[in-house]
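Now for the letters of each chain:
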Amino acid sequence: MTNLNFPYSLKTSHGRDSLLLFPTSGFQSKPFLPSSRGYRYSSGLIVRTQTLVYASSLSHGRTSIKQPREVQFSTKAQPVAEELVEDKLRDPQTSGDAIRQRFLDFYAARGHKVLPSASLVPDDPTVLLTIAGMLQFKPIFLGKVPREVPSAATSQKCIRTNDIENVGRTSRHQTFFEMLGNFSFGDYFKKEAIKWAWELSTSEYGLPADRLWISVYEDDDETFSLWHDELGVPKERIKRLGEDDNFWTSGVTGPCGPCSELYYDFHPERGTSDVDLGDDTRFIEFYNLVFMQYNKKDDGSLEPLKQKNIDTGLGLERIARILQKVPNNYETDLLFPIIEKAAELANVSYALADDSTKTKLKIIGDHMRAVVYLISDGVNPSNIGRGYVVRRLIRRVVRTGRLLGVKGDGMGDLQGAFLPILAKKVIELSTKIDADVKTRSSRILEELKREELRFVLTLERGEKLLEQMLADALLDTQGTGTAPCLSGKDAFVLYDTYGFPVEITKEVAEERGIRVDMNSFDIEMEKQRQLSQSAHDTVKLAVEDGANLAEDIPDTEFLGYNTLHSKAVVEGLLVNGSPVAQVSKGNEVEILLNRTPFYAESGGQIGDNGFLYMTEASTEQKAIVEIKDVQKSMGNIFVHKGTITEGTIEVGREVEAAVDANLRQRAKVHHTATHLLQSALKRVIGHETSQAGSLVAFDRLRFDFNFHRPLQDKELVEIEGLINQWIGDATILETKVMSLTDAKGAGAIAMFGEKYGEQVRVVEVPGVSMELCGGTHVSNTAEIRGFKIISEQGIASGIRRIEAVAGDAFIEYVLTRDNYMKQLCSTLKVKAEEVTGRVDALLEELRLTRNEVSAARAKAAVYKASTLTGRASTIGTSKSIRLLVESMDDVDADSLKSAAEYLVDSLKDPAAVVLGSCPGEGKVSLVVALTPGVIDLGIKAGEVIKPLAKSCGGGGGGRPNFAQAGGRKPENLLGALEEAREQLKNLLEK
């Protein structure tokens, strides 16, 4: 090898732009080998295709080295350098951010309204997470909500975990991805959708037309003709596929229609005969056009939809892979910087890594994007629902990182966490995807650190236990010819005790050729398993009766901000969900009005209560309806739910609507108090905390927020103090309507789970709080009168909940508590300020009394045990071993332990004592005590007590010399003791 001074500049023989050359090995200079992207290997030369180039084993025969500081490629290396220079000069318009923006601009220029991505937490009970771009438009497709714009374009964040086992193994599977989409709500249909998709692909993105293939539904001649006759795609590059591939359905019933997909051909040289579009080595499907033109009925028949819609999806990572000319989605600039960072922490080079290592790095890169965006959208790790998805992904990253050799934070701190370091890279890349991620970065990083360190605490023990379980599974089937299987019960122990997601257990087991019995695991999981697996892989739509009703009934005009009484016309009546013309006394009814002062439940605030009165011309009341709830349905139609208490109500008649003023005031007080509570929390525990849910009721308020620990008493006192100070300031609230952009620019906080239009209502307590809110509020903070926190508790990992009262509910709470205190003072015969001291004294007296009783019971048990020593039998031939197995009736567990300790001391070594008792109904206590001489024979107390406890319906364990257990089947005690006697007798005689 030649001693060189580095870096050297590198040029092709064509004299194109030079790059820097660094050594990786074989030189005196210190090796420098970060991970790299798009590497090439040729003639012993490894180069990186971004800014730097790395070389290994450069020999004189392959590369001529000339001073000063220049390396000329030989003929063999020229193609490598040429590709390298081309990569360096890559068009910035092919960056992931640029591709996204070009898509949105393309459709904006064609009349589409560009809308922001919806949250990953959908406002849809049929899906756990947002899995498709069309999800936020589902109510429009169903006809439940009128369209606000004729067409739209979005870049939607999506999460899918149904193919998680393929992540990193294939070139295209991901859990988190962006779906670019253009949507038409009855505005345009097939012709325009197909034309624009082709124009976007070939003209805007510059894809070669001869590399594009099309799939159409087998019977969709219209679509075939549009591609071939209108756009000139050759027939041989248009494939007719069946229902499974090219007919989209939302479910058993509902909107559906044929679809057409665009594929990119990486290897056109393979020709056009016997082509399989599903061949991942040749094709990638990147754009899907769904023509939503039918409604599928219960009998399976199709009827044309009145409004034909377009729903498309173009995978951003897929089109980026094509335009950036990289071999898979992971090596695009959307993902690869995260992978590079992971490789750096693992001290490996992606360029030089084997396939297994690359797969692990890809898994980390993909999953880190998913967990960062999920936590940003309010999903924290837990064992149920969405939280389980986050926890599963986080723990998969942690385990994968450990397999790669990442220790601690990967940067020298062995007690640190590496997920936050990777998350910073994800956050850095998030600006154009979701600007809110950066503002929530502190909470994201803290949650990831906490979850990783919590998992690491049990991971090592769990890994050791899993290794033992797998070894046992292999041993059990050795020589039997049957396939090894890990029991579902063992898998559940790993999940429940050690925090191992069963998917990780399956992965590790499958690496060893061992199957996991998932049927028995499902039984063990019960409700938790059902909840954690409730994610759906498809968006379910169904055209309901309400959709037809919505066509005839306009949105309800809400008057409740300014008045609690108004006249209104009955636009519709529903009984059990079906439209009717009239409803009589005694029936439950849902009433649709053209205008209303009643607030419909939204933003956490419950709906108003009150009455509807229908009168004759003479003002005589003809009907009275007591309203107990108001909900929004089919967009902005208010549904008043109540009971007819007098007369008959009819469609088309005028009614007098009257809101219960007292209950409305209670709701207003609690809603404004909720805003004050959020501001106080941000000031006391940090601005990174955010709302995770709320309830504004007549009797209380509830506020859920992101925080990693219980609040301290002094913090709760400070929060209450701030709120009551603001109440006392008697500040007048200000309410404005402005654009969403202006509101966010002014610093207004969005309420959790709410969707907003272009114009929003902003409620401000000047100097204290500013939030986007459509709820009802007091006009002056003095109306709240007082605020008191009732409770603060954790409801999920990283989620805390405060319940509080204000206004009349606050007064009622204080009076009730005062009454309790008076009763307590009377009972204890002390003043209020002396209650705490008196209770402490009583508790101490109780503790001493209990200790005395326990000591007396132990003495009684020992005395009873002393009468049993004569019943011990002598076992064994080489040395005499004393064995005593007895039942001690109703002796409690602690006293039973004292009796066993007395007996082993009395019987002397070697001795074995087994005692059982029934201390209460449905309870069994068991003790096994052994002396050293018995333990030396290989007998352990824990092994003796396990079958004994199992017979009594329980379990337990302990040390080799002493073990305790409990059970729930007293009726089996005597039989179990007899079995233990025989077991020990046989062991001791040997």
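Residues numbered from 1 in each chain as written. Predicted model: local features only at pLDDT ≥ 70, side-chain atom pairs only at ≥ 80, totals over all residues. Heavy atoms only, no water.

Next up on the list: the overall build of the protein chain. Counting its secondary structure elements, the protein chain contains 26 helices and 41 strands. Counting over 990 residues, the protein chain shows a buried share of 50%. The long-range share in the protein chain, meaning contacts at least 24 apart out of those at least 6 apart in sequence, stands at 67%. Surface exposure of the protein chain reaches about 45,400 Å², of which carbon and sulfur atoms provide 48%. (Helix = DSSP H or I, 4+ residues; strand = E, 2+ residues; numbered from the N terminus. Buried < 20%, exposed > 50% of the residue type's maximum accessible area, 1.4 Å probe, protein only. Contact = heavy atoms within 4.5 Å. Areas by Shrake-Rupley, 256 points an atom, 1.4 Å probe, with all protein chains shown as cover.)

Quick look at the UniProt feature "coiled-coil region" (unreviewed entry) in the protein chain now. In this numbering, the UniProt entry assigns the feature "coiled-coil region" (unreviewed entry) to residues 832-859. In residues 832-859, helix accounts for 89% and strand for 0%; the two terminal C-alpha atoms are 42 Å from one another. (UniProt positions renumbered as here; feature names shortened; annotations may be inferred.)

The next point concerns the sheet that holds strand β40 (residues 955-958). Within the open sheet, the 6 strands sit side by side as β36-β37-β38-β39-β41-β40. Their pairing is mixed. Since the sheet does not close on itself, it has two edges, and those belong to β36 (873-875) and β40, each with one partner. Averaged over all adjacent pairs, the angle separating strand axes in this sheet is 15°, with direction ignored. Of the pairings in the sheet, the one linking β36 to strand β37 (residues 881-887) comprises 3 bridges and is antiparallel in character. What sits directly across from isoleucine 875, in β37, is isoleucine 881. The sheet strands contacting helix α23 (residues 893-907) are β37, β38 (911-917), β39 (924-930) and β41 (962-967), and the helix crosses β38 at an angle near 160°. This element, helix α26 (residues 973-989), spans β36, β37, β38 and β39 of the sheet and lies at about 170° to β37. (Pairing = 2+ DSSP bridges. Axes fitted to C-alpha atoms, helices over the stretch in contact; angles between N-to-C directions.)

Next up on the list: the nonpolar core. Side chains of a nonpolar character, in soluble globular proteins, are inclined to be buried together. One finds Met368, Val372, Leu374 and Leu448 to be the most contacted residues of the largest nonpolar core, which totals 71 residues. Breaking this core down by element, the ones donating at least two residues are α8 (336-346), α9 (355-376), α10 (385-403), α11 (419-428), α13 (441-477), α14 (488-498), α15 (502-511) and α16 (518-532). Those residues in contact with leucine 374 that lie beyond four places of it in its chain are Leu120, Leu129, Ile159, Val379, Val389, Val390 and Leu393. Grouped together as the second largest cluster of nonpolar side chains are 40 residues, Ala153, Tyr188, Leu212 and Leu334 included. (Core = buried A, V, L, I, M, F, W, Y, C linked by side-chain atoms within 4.5 Å.)

On to the sheet that holds strand β30 (residues 701-706). With antiparallel pairing, the 4 strands of this open sheet are ordered in space as β29-β30-β35-β34. Each having just a single partner strand, β29 (691-696) and β34 (787-796) make up the two edges of the open sheet. For this sheet the average axis-to-axis angle between neighbouring strands, irrespective of direction, equals 15°. Bridge count for β30 against strand β35 (residues 799-806) is 6 bridges, and the pairing is antiparallel. Across the sheet, the residue bridging to asparagine 706 is isoleucine 799, located in β35. Against the sheet, helix α18 (residues 661-685) contacts β29, β30, β34 and β35, and its axis sits at roughly 30° relative to β30. Its contacts with the sheet put helix α19 (residues 713-728) on β34 and β35, and the angle it makes with β34 is roughly 135°.

In this structure, the second largest pocket encloses a volume near 1,500 Å³. For the second largest pocket, the lining is made up of 49 residues, of which Arg160, Glu261, Glu285, Asn288 and Arg318 are closest to its centre. Of all the secondary-structure elements, those providing two or more residues to the lining of the second largest pocket are β10 (176-185), α6 (243-246), β13 (247-249), β14 (254-265), β15 (283-296), β16 (302-315) and α7 (316-324). Considered class by class, the residues forming the lining of the second largest pocket number 21 nonpolar, 14 polar and 14 charged. (1 Å grid on protein atoms, 1.4 Å probe; cavity = no way out; pocket = protein on both sides within 12 Å on 5 of 7 lines; lining within 4 Å. Points joined across faces, edges and corners; volume = space filled by probe spheres on them. Nonpolar A, V, L, I, M, F, W, Y, C, P; charged D, E, K, R; others polar.)

Annotation from UniProt places "binding site: Zn(2+)" (unreviewed entry) at His671, His675, Cys773 and His777. On the basis of their most widely separated C-alpha atoms, the annotated residues across 107 residues gather in one place, lying no more than 9.8 Å apart. Structurally, cysteine 773 can be placed in the loop between β33 (769-772) and β34. Filtering out sequence-adjacent residues up to four positions away, cysteine 773 remains in contact with His671, His675, Arg761 and Val763. Inspection of the secondary structure assignment puts histidine 777 in the loop between β33 and β34. Among all residues touching histidine 777, those that are not within four sequence positions of it are Lys668, His671, Thr672, His675, Leu733 and Val763. Among the polar contacts made by the side chain of histidine 777, one reaches the side chain of threonine 672 at a distance of 2.9 Å. (Polar contact = N/O pair within 3.5 Å; in protein donor to acceptor, adjacent residues only side chain to side chain.)

On to the pattern of salt bridges, then. Once their charged atoms are close, side chains differing in charge can pair, the charge on each being opposite to the other. Summed over the entire model, instances satisfying the criterion amount to 45 salt bridges. With a shortest N-O distance of 3.3 Å, arginine 172 and aspartate 280 are connected by a salt bridge. In this pair, arginine 172 is assigned in the loop between β9 (151-159) and β10 and aspartate 280 in the loop between β14 and β15, connecting sequence segments 108 residues apart. With relative accessibility at 23%, the residue arginine 172 sits in the partly exposed group. (Salt bridge = Lys/Arg side-chain N within 4 Å of Asp/Glu carboxyl O.)

Let us look at the confidence of the model for the protein chain. As a general rule, the predicted coordinates of low-pLDDT regions are not to be interpreted in detail. When pLDDT is averaged along the protein chain, the result is 84; 86% of the residues meet or exceed 70. Across residues 527-548, where pLDDT falls below 50, the model places 56 contacts with residues more than four positions away in sequence or in other chains. (pLDDT = per-residue confidence, 0-100.)

Moving on to the packing of aromatic side chains. Scanning the entire structure with this criterion turns up 20 aromatic pairs. Measuring from ring centre to ring centre gives 6.1 Å for phenylalanine 189 and phenylalanine 291, while their planes differ by 65°; the resulting arrangement is edge-to-face. Taken together, the residues phenylalanine 189 in the loop between β10 and α4 (190-204) and phenylalanine 291 in strand β15 connect sequence positions 102 residues apart. Overall, the relative accessible area of 0% leaves phenylalanine 291 in the buried class. Centroid distance phenylalanine 558 to tyrosine 561: 5.0 Å. Interplanar angle 85°. Geometry classified as edge-to-face. Three or more aromatic residues link up through ring pairs in this structure, and these residues are Phe103, Phe106, Tyr107, Tyr188 and Trp196. The ring centre of phenylalanine 106 lies 3.6 Å from the NZ or CZ of arginine 110, which sits over that ring. (Phe/Tyr/Trp six-rings, centres within 6.5 Å; stacked < 30°, edge-to-face > 60°. Lys NZ or Arg CZ within 6 Å of the ring centre and 35° of its normal.)

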